[in-house]
Amino acid sequence: MNYVGLAGRDLLRNPLRLTLTVLAGAVGVTAFIFLSTVVDLFYYNARAAQVDRLIVRNKVSFTQPLPLSYYARIAALPGVTAITHQEWFGGTLGDTQKDFFASFAVDPHTFLDVFPEFIVPPPQLAAFRGDPCGALVGERLAQRFGWKAGDRVTLKGQIYPGDWTFNVHGIYRGARPGVDTTTLVFGYRCLNESDRLTEAMKDKVGIYAVRVDDPARSAEVAAAIDHLFDNSPYPTKTESEKAFQLGFVAMTSAIVTAVRVVSSVILLIILLVIGNTLAMGVRERTRDIATLRALGFRPRTVVALVLAESSFIGLCSAALGVMAAPVLVNVFTKLIASRFGPMPDHLTRGHTLWVSALAAVAVSLLAGVGPALRAVRLPVAEGLRRVA
């Protein structure tokens, strides 16, 4: 019998225990991938950020507005190639959060200059720009509610109370995979020129989005923008789009940290489960191992046999976990989509799957080190005598 056959017979000595151990490891791998994907979700927008885009917000807080008059002053600065503004609207179709989705009031004429990853057919774009209350809807959002060009959509305002009706003139899609198409944008004039707004609320925007001619000069342009409004009633804070998105992640840093800790604990649990199984197997095979040693098998061969068992368990656990995790993530995204809106496609990254699989195998090998050392340290005579 060769070494592979010998390791196989040792593994199948107790098929039920082997099956339960592999399943326990698979559950751990699945949970680790799932939690890693949840963490990735927090950083999704930051990963999609463009290096040549800056976000200008109020220095006090992003919830505080900026004057519309800043537009021309920022646009005139050297290094600025395009600028637009937008205001969070936060409307819902119904009275519950189930109907919630992101919605913004934007400048129709400059919005796509700064966000070229959104693709709109020219006739639809022209119609959108020609209607003060025109709207563009993301492809996935349109699929969610069955909207099409020519529909009228009425939203219940949360920040701006009342019912607001917009004319859908186009459906935008992403220029590349991963672009968020779950948002509705409408003309800023529809909001700003409404008689529902007080004078203090008019001519105010939430943020400015700026494109620069050279990403290497982003810090220089950002400093110039902030210096321009240092002594104004509305000082600004300008940062890269990625830093702006990471600011939202920082608000939930405790949750992200907790998820990371739990995922690490899961790896420890896998280590203990597989280590315990291998230790039990080594104890049960004390006479067999001692016999192999008596027949002239070298210690390194015995160690290799035990580590082969642990690596087999790790590989099987990783394979089952990698297959099961995307299914669990898809179920999870469908459940939360009813409350938080559609989730991005392909949440589970290939990188996460590979890292998780390698981690499972590495942890399994680590779990086998202890039992393997115990097997070779046991004196041959004592091993034969203990069982006899």
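Residues numbered from 1 in each chain as written. Predicted model: local features only at pLDDT ≥ 70, side-chain atom pairs only at ≥ 80, totals over all residues. Heavy atoms only, no water.

The name that an unreviewed UniProt entry assigns to the chain is ABC transporter permease, with the source organism given as Corallococcus coralloides. A UniProt comment under Subcellular location (unreviewed entry) is attached to the chain, and it reads "Cell membrane". (UniProt positions renumbered as here; feature names shortened; annotations may be inferred.)

I'd like to hear about the nonpolar core, residue by residue, with values.
In terms of nonpolar packing, the biggest core is built from 36 residues, with Ile74, Leu184 and Phe186 touching the most fellow members. Formed by 24 residues, the second largest nonpolar core is a distinct cluster that contains Val29, Val39, Val256 and Ile274. (Core = buried A, V, L, I, M, F, W, Y, C linked by side-chain atoms within 4.5 Å. Buried < 20%, exposed > 50% of the residue type's maximum accessible area, 1.4 Å probe, protein only.)

Talk me through the environment of Ala72; I want residue IDs and the actual numbers.
Locating Ala72 in the fold gives a position in helix α4 (residues 70-75). The exposed category is assigned to Ala72, whose relative accessible area is 52%. Once the C-alpha coordinates of Ala72 and Ile83 are considered, the two residues, 11 residues apart in sequence, prove to be 9.1 Å apart. (Helix = DSSP H or I, 4+ residues; strand = E, 2+ residues; numbered from the N terminus.)

Describe the state of the cysteines, listing the residues and the values that go with them.
Tallied over the full model, the rule gives 1 disulfide. Two residues share a disulfide in this structure: Cys133 and Cys190, whose sulfurs sit 2.1 Å from each other. Given an S-S torsion of about 85 degrees, the disulfide between Cys133 and Cys190 has right-handed geometry. Taken together, the residues Cys133 in the loop between α6 (122-130) and β6 (134-138) and Cys190 in helix α8 (residues 188-192) connect sequence positions 57 residues apart. (Disulfide = S-S within 2.5 Å.)

Which residues make up the UniProt feature "transmembrane region" (unreviewed entry) in the chain, and what values do they have?
As recorded in UniProt, the feature "transmembrane region" (unreviewed entry) lies at residues 20-44, 265-282, 302-333 and 353-376. Taken as a whole, residues 302-333 contains 100% helix and 0% strand, while its terminal C-alpha atoms sit 46 Å from one another.

Go over the packing of aromatic side chains, please, and point to the residues and values.
A full pass over the atoms with the stated rule returns 14 aromatic pairs. Aromatic pair Tyr70 and Phe229: ring centres 3.8 Å apart, planes at 15 degrees, arrangement stacked. Of the two residues, Tyr70 is situated in helix α4 and Phe229 in the loop between α9 (218-228) and β12 (236-240); the sequence distance between them amounts to 159 residues. Owing to a relative accessible area of 4%, Tyr70 belongs among the buried residues under this scheme. (Phe/Tyr/Trp six-rings, centres within 6.5 Å; stacked < 30°, edge-to-face > 60°.)

Please give an account of unusual backbone geometry that cites residues and values.
Phi is positive for Asp203, close to 55 degrees, though the residue is something other than glycine. Relative to the elements of secondary structure, Asp203 occurs in the loop between α8 and β10 (204-205). Residue classification places Asp203 among the partly exposed residues on the basis of a relative accessible area of 42%.

Got a sec to walk through a nonpolar patch on the surface? Specific residues and values, please.
A surface patch of nonpolar side chains, amounting to about 500 Å² of accessible area, comprises Leu16, Leu20, Leu23, Leu320 and Met323. Of all elements in the fold, only α2 (15-42) and α13 (299-340) reach the threshold of two or more residues within the nonpolar patch. Residue contributions to the nonpolar patch peak at 3 residues, all from α2. As for its position among the elements, Leu320 is in helix α13. (Patch = residues over 30% accessible without salt bridge, like charges linked within 9 Å, V, L, I, M, F, W, Y side chains within 5 Å. Areas by Shrake-Rupley, 256 points an atom, 1.4 Å probe, with all protein chains shown as cover. Salt bridge = Lys/Arg side-chain N within 4 Å of Asp/Glu carboxyl O.)

Which residues make up the pairing of strand β3 (residues 80-88), and what are the values?
With 7 of its 9 residues buried, β3 lies for the most part within the structure. For β3 and strand β11 (residues 207-212), the ladder comprises 6 bridges, and the chain directions are antiparallel. Note on β11: the bridge partner recorded for Thr84 is Ala209. Here β3 runs beside strand β4 (residues 102-106); their pairing, made up of 3 bridges, is antiparallel. For Glu87, the partnering residue across the bridge sits in β4 and is Ala105. (Pairing = 2+ DSSP bridges.)

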